Structures are given as structure tokens and as C-alpha cells.
Amino acid sequence: MNLDLALLNGSVIDGTGSAPVRADIGVIGGRIAVVGDLSSASATQTLDVAELMVAPGFVDTHTHSDLAAFLAPDHDDIRLANVRQGVTTEVSGNCGFSPFPVNPAAADAVTQYLTGIFGPPARVFATLDEMERAVLEVGLVNNLAPLVGHNTLRAAVVGSDDRHATEAELKEMADLLDKALASGAVGMSTGLAYTPGNYAPPDEVTHLASVVASHGRVYATHMRNETDEVLEAIEEALSVASGTGVRLHLSHLKAGGERNWGRMPAMLGMLDDARGRGIDVTADLYPYPAGSTLLHTLLPTWINAGGIDALLGRLKDKESRRLVARQVHEGIPGWQNFVGAIGWENVVVAGAPSHPSYEGQSIAALAAAAGASDIDFVSELLIAERATVMVIIRAMSEDDVGCALSWDHAMVGSDGVPVPGKPHPRIAGSFARVLGSHRGDEGALVEVIRKMTSLPADRFGLVDRGRIEEGAIADIVVFDAHQVTDRSTYDKPLLAPAGIKHVLVAGLGMILDGEATDATPGRVLHMA
Ligand SMILES: [Zn+2]
């Protein structure tokens, strides 16, 4: 037998939670042909992986990498950040943001809307197939498994106004979603804390989730509230699932704001209860006590109505600023008010294209240095940057993060946002950080690898991935269990992790001996 590639003498973790076994792995035509003894086989390429762990490539259940392939060549550090930590498949289109399906008539408005999360340059596509062709033309480093974003559907069909969809609009959104799922999208995401998703009543979400359910796909939700009313938000998500039978996945599970720390056990208790009642619910999270989002999304929802130009117009008005300041201070019933829960001192600029010197500093510190009020400073910055300001929000407790990660049905989702500046270090560190925190405990390591491989692959219907077994696609990561750890920090967010030796996508080396190759073996994964 002649193999394309042989990995010899590794300690193989198959991804199912089983203990490691000493074995060789042979690859032919991008698939695993042999797991066993290759002492009598020949191979075109051989990697000696003695003393190293061999695991299925990691599945990142939560990214915003939809358009990362289009980043300029000098941003390879961002484009490769996730693959350098062993991620071979990224579920994209999260938090309601996807670059498809957008009819040509709405393309300009939706492109502008998506620029904050994807760009510049953001772009949109009428169909998943169109996006796939464009992405493959420039080359993908790892696989994308795209979700359809509800914010995108709503921005394309209803616009950015604060109102309910008409019956005709609801039908149009459902039709676009149905076609995208039929063409292979892995599910639908919502971002109910963002404009315009936040204007959708539960009925609208339930209606669209029933379309997702009819395809047997996943409904992933960034819930309406992750602070004081997080339990109510979980209740809303669960009722969508119980009303439709959809497979529910809660994105970046968290309890934000010090006054909500310690609520994670109660949140997981609700989810366990729901599972006991037959609701199919899972979750993901990134292993950091800080999150990241777009600065303008932290402001009250009314100020974001009507799109970016409307927002910037209101921010110029002194009365509007005064009202925002008061509402951040006092809250509004039903609004999650992250800043009220954590304070501007815990909101740190991560990306402000024309003000790079602000990156790494808190809004409170920057405003004080400028002699301005917090709201005046935020307003002027958003106007100057046309609202493309990413921030890091220090909002969660390490105990809650650890508690969530220990849940049987929790997966790792980096929530990486591949835009220049100082992005959240989760984009380059999430997976290595989890591995590093379980170094020296083989049982724990095997279990977290299950949560990074077979569990998410099964969850999102990624056939023949997430396991080391004969016949599976050869998405493989090889790492040193004694050295593996994250190195990315808030100051140096793109530093590659330590201990990740080789990363193969369909048998092709993306990372070999810790160095990136220029291979582009990634594919857009379609559900059958
Ligand atoms: Zn989100």
C-alpha cells in the first residue's frame, strides 16, 4: 500500500472521549485510510510524531471569519490565527451576521451594515454558492461551515427600522432562509441584542426557526440579554425550541456584569431541565472573562434604529447624548445595558482604524484624558470612525467561564472577529488556552478535545469530521501535550500558541513544524 502521508508513533486521541492509544495514521486522497500499524507501508510523506498527541482538527463553533479570505495579504497573521491553534473548521455566520443571502437590490445597504463586523471591505452575495465561488477563488486556509444570519435577512428585507416585519416580509425572509438551507447552509443564527435583530419579536424568530427545523439544522442564538435578564433570555430561546422542535445552540454563554457573576450554575440548571424535557440544547463559549463587540451596539437600541447614518445623525445631537448617558446610568426595562453593568472603565478600544493610539485603552481613561464626558467621547469617536469601532468588554467571572466549559454539552467557540487593530486574543488563543489549562490531566484533556471535535462536528452535521477513524476526512492536529498553551494577550493578540506542531486540512499541511505553509485546502462545507 502506498500512502500519501504517514503520521508515525503518535499518541492518538480519537475525539470521542476515549483514552489515547499509540498508533500510526495513514492518509490517502485526503482521508484517513489506516489507524494502526504502518511498519510495512510506504508513504510519499512521513511525519514522525512520537511523543506527540494526534487529535481530530478542532471545530470552532463560533466565528465571524466569513470574509477573512478577502483580507489583504499583509493580514496573514489574522487570517491564520485560528488555524495556528489547530482549528480546521469554522462555523461562520454567527450572531445574525452572514454575507448571504442578500438580493442585489439590498446589496449596498447590507454591505454598509456589515462593514463593522466584516470589514472594510465587506461584501455580500445573493446565494451561498456565489459566496463559495468568490471565497475559493482567493483561497481558504481552513473549512467554513456557514450559518444564515437573521440580522442579514432582516437588514435585506425589512431594513434597519424599529418595527415588526409585515406578513409579506416575513414570508420573503423565510423563503430566502429556506433556499439557503436547501443549498447547504448549516443553520440560522440570530443576534437579538443587535439592530435590527432586536426589533424582531419572538414570533418572527419562532417562524424562521420552524424553517430551520424543517431542514433538521441548528438554530444558534446570541440571545437578547446576557446581563441582568439572562435567565429570561434563555427562557425565550428555549420556548423557540419547544415551539418548533429546532435544535437549539446558545452562543457564547455568559453572565455579564459583576452583579450577575455566579449565575452560571442556575443557567446550566435551566438547560439541563430543558434537556430533560426533550429540548435539544447545546452551547458554546470562549475561555476568557472578557468579551468583544461593536461599540455602538452597547448604546440603547433606539439610537441604532434606521442604520448607521441615522445613528451618526443622532450622536451629533446634544439632547440624544444626554438621554443616552441617563439611560446607561438608569437602564431601560428589557434592554441588556452592558455598560450599566460593567462601567466605561471596563470597555476597552480594540479596533479604531483612524485612531490606533486608542487601542488597548478604556473609554473612561480616554474620555478623562480628553477632558470629555464618556458619552461625548464615545459619540465623537463613533462619528469619526463611522461606527466601525470594536471594543473589549471586561464583563465575566473566571468561575462562571470554567463552570460553563465543564458542562457536558458545551463546546469551544472563539468568537474571533478577524478585523485589524488589537482584536480580542480569543481569535488566536481560545483552543490552545483550554488545552493548556488541562495540561498534565489526561482524562480532562481527552474530554475537552471531545468538546472541540466530535461533539461540534455531530452538532452541526459535519459528516466524516471530528474523529480520527478510518474513512474520516484527514483534518488533524498534532501537538505537544507538555507545551501546548496560548500566548496571545490583549496587548499582542495575534501571537501564535505554543506546542501546536502540525495542522492538516484534508491531509494537506497548513501548519508544519509550527510554520504556516501557503496551502489553501479549505472548503465551504455544505449539508446534504
Ligand atoms: Zn455574538
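The structure this text deals with has already been given above.
Colleague: I would appreciate a short explanation of the coordination of the zinc ion in the present structure.
Modeller: As a benchmark, a tetrahedral metal site with four donors has ideal angles of 109.5 degrees, while an octahedral site with six donors has ideal angles of 90 or 180 degrees. The coordination sphere of the zinc ion, as far as protein atoms go, consists of Cys95 (SG), His222 (ND1) and His252 (NE2), spread over 1.9 to 2.2 Å. When its relative accessible area of 3% is taken as the criterion, Cys95 is described as buried. Classification of His252 as buried rests on a relative accessible area of 2%.

Colleague: I'm lost on the nonpolar core in this one. Help?
Modeller: Grouped burial of nonpolar side chains is what soluble globular proteins tend to show. Of all hydrophobic cores here, the largest spans 146 residues; its most connected members are Leu250, Leu295, Trp344 and Val347. Once residues within four sequence positions are removed from consideration, Val347 is found in contact with Leu295, Leu298, Val339, Ile342, Gln361, Ser362, Ile363, Val391, Ile392 and Ile393. In this structure, Val27, Leu47, Val49 and Ala472 belong to the second largest nonpolar core, which totals 17 residues.

Colleague: Before we go on, may I ask you to explain helix 6 (residues 202-214) in this structure?
Modeller: Helical geometry note: an α-helix holds 3.6 residues per turn, so side chains three or four residues apart project in the same direction. Here helix 6 contains 13 residues, and its C-alpha end-to-end distance of 18 Å stays within 8% of the 18 Å for a straight helix at 1.5 Å per residue. Taken residue by residue, helix 6 has Glu204, Val205, Leu208, Ala209, Val211 and Val212 as its buried positions. The buried side chains of helix 6 occupy one side of the element, clustering within an arc of 150 degrees when seen end-on. Of the residues in helix 6, the exposed ones pointing more than 90 degrees away from the buried face are Asp203 and Ser214. Against the buried residues of helix 6 lie helix 4 (150-157), helix 5 (167-182), strand 9 (187-191), strand 10 (218-222) and helix 7 (230-244). Once helix 6 finishes, Gly216 follows within two positions and takes phi at roughly 70 degrees, a positive value.

Colleague: For this particular structure, what's the right way to read the packing of helix 11 (residues 318-330) against helix 14 (residues 374-384)?
Modeller: For any two helices packed against each other, one specifies the crossing angle of their axes together with the interaxial distance. For the pair helix 11 and helix 14, the least separation of the axes is 10 Å and the interaxial angle reads 125 degrees. Taken together, the axis directions place helix 11 and helix 14 in an arrangement best described as oblique. Handedness of the crossing formed by helix 11 with helix 14: right-handed. Along its contact with helix 11, which presents Lys318, Arg321, Val324 and Ala325, the element helix 14 presents Ile375, Asp376, Ser379, Glu380 and Ile383. When the residues that make up the contact of helix 11 with helix 14 are grouped by side-chain class, the tally is four nonpolar, one polar and four charged.

Colleague: Could you clarify how one ought to interpret the pattern of salt bridges in this entry?
Modeller: Close approach of charged atoms allows side chains of opposite charge to pair. Enumeration over the complete set of coordinates arrives at 21 salt bridges. Arg224 serves as the salt-bridge partner of Glu236, at 2.8 Å between the closest nitrogen and oxygen. Taken together, the positions of Glu236 in helix 7 and Arg224 in the loop between strand 10 and helix 7 put the pair twelve residues apart, joining distant regions of the chain. Arg426 is the partner of Asp415 in a salt bridge, and the nearest nitrogen-oxygen pair spans 3.6 Å. In this pair, Asp415 sits in the loop between strand 16 (410-412) and helix 16 (426-437) while Arg426 sits in helix 16, placing the two residues eleven residues apart along the sequence. For Arg426, a relative accessible area of 1% translates into the label buried. A cluster of three or more residues bridged by salt bridges with shared partners is formed by Arg247, Asp280 and Arg459.

Colleague: Help me understand helix 15 (residues 398-405) in this model?
Modeller: Among the residues making up helix 15, those that are buried are Asp400, Val401, Ala404 and Leu405. Buried residues in helix 15, looked at end-on, bunch into an arc of 130 degrees, giving them a common side. The elements touched by buried residues of helix 15 are helix 8 (264-276), strand 12 (281-285), strand 16, helix 16 and helix 17 (442-452).

Colleague: Can you walk me through the sheet that holds strand 16 in this structure?
Modeller: In spatial order, the strands read 6-7-8-9-10-11-12-16; together these eight strands make up an open sheet with parallel pairing. With one partner strand each, in any of the chains shown, strand 6 (58-60) and strand 16 form the two edges of the open sheet. On average, each strand axis in the sheet is inclined to that of its neighbour by 25 degrees, with strand direction left out of account.

Colleague: In this structure, what is going on with the environment of Ala305? I would like to understand it.
Modeller: With respect to the secondary-structure elements, Ala305 resides in the loop between helix 9 (301-304) and helix 10 (308-315). Accessibility expressed as a relative area gives 11% for Ala305, which makes it buried. Apart from residues lying up to four places away in sequence, Ala305 is in contact with Ser160, Asp162, Tyr199, Ala310 and Arg314.

Colleague: Could you clarify how one ought to interpret unusual backbone geometry in this entry?
Modeller: With the exception of glycine, most residues fall at negative phi, and the peptide bonds are largely trans. The omega angle of the peptide bond from Phe100 to Pro101 is -10 degrees, so this bond is cis rather than trans. Relative to the helices and strands, Pro101 resides in the loop between strand 7 (87-92) and helix 2 (107-118). Residue Thr195 is joined to Pro196 through a cis peptide bond whose omega torsion reads 0 degrees. Take Pro196: it is sitting in the loop between strand 9 and helix 6. Unusually for a residue other than glycine, Asp513 sits at a positive phi of about 50 degrees. Inspection of the secondary structure puts Asp513 in the loop between strand 19 (508-512) and strand 20 (515-516). Judged by relative accessible area, Asp513 falls into the exposed class, the value being 55%.

Colleague: What am I meant to see in the sheet that holds strand 15 (residues 390-394) here?
Modeller: One key point about sheets: their strands pair by backbone hydrogen bonds, in either a parallel or an antiparallel sense. Taken in spatial order, the three strands of this open sheet run 13-15-14, and their pairing is antiparallel. In this open sheet, the two strands that pair with only one neighbour each are strand 13 (290-294) and strand 14 (347-351). Mean inter-strand twist for the sheet, computed between neighbouring axes without regard to direction, equals 30 degrees. Looking at chain direction, strand 14 and strand 15 are connected through four bridges and run antiparallel. If you follow Val348 over to strand 15, its bridge partner there is Ile392.

Colleague: Explain the pairing of strand 11 (residues 247-250) here, please?
Modeller: Sheet faces and side chains relate simply in a regular strand, where the side chains alternate between the two faces. In this sheet, strand 11 lies alongside strand 10 in parallel orientation, the contact comprising four bridges. Within the sheet, the bridge partner assigned to Val218 lies in strand 11 and is Arg247. What joins strand 10 to strand 11 is helix 7, and the crossover it makes is right-handed. Looking at chain direction, strand 11 and strand 12 are connected through three bridges and run parallel. By the bridge assignment, Leu248 is partnered in strand 12 with Val281. In this fold, strand 11 hands off to helix 8, which returns the chain to strand 12; that crossover is right-handed.

Rules behind the numbers
- Residues numbered from 1 in each chain as written.
- Predicted model: local features only at pLDDT ≥ 70, side-chain atom pairs only at ≥ 80, totals over all residues.
- Heavy atoms only, no water.
- Donors = N, O, S within 2.8 Å, 3.2 Å for Na, K, Ca; no water.
- Buried < 20%, exposed > 50% of the residue type's maximum accessible area, 1.4 Å probe, protein only.
- Core = buried A, V, L, I, M, F, W, Y, C linked by side-chain atoms within 4.5 Å.
- Contact = heavy atoms within 4.5 Å.
- Helix = DSSP H or I, 4+ residues; strand = E, 2+ residues; numbered from the N terminus.
- Expected span 1.5 Å × (residues − 1).
- Arc of directions from axis to C-beta.
- Axes fitted to C-alpha atoms, helices over the stretch in contact; angles between N-to-C directions.
- Parallel < 35°, antiparallel > 145°, perpendicular 65-115°, else oblique.
- Left-handed = near helix turned anticlockwise from the far one by under 90°.
- Nonpolar A, V, L, I, M, F, W, Y, C, P; charged D, E, K, R; others polar.
- Salt bridge = Lys/Arg side-chain N within 4 Å of Asp/Glu carboxyl O.
- Pairing = 2+ DSSP bridges.
- Right-handed = clockwise from strand over helix to strand, strands pointing away.

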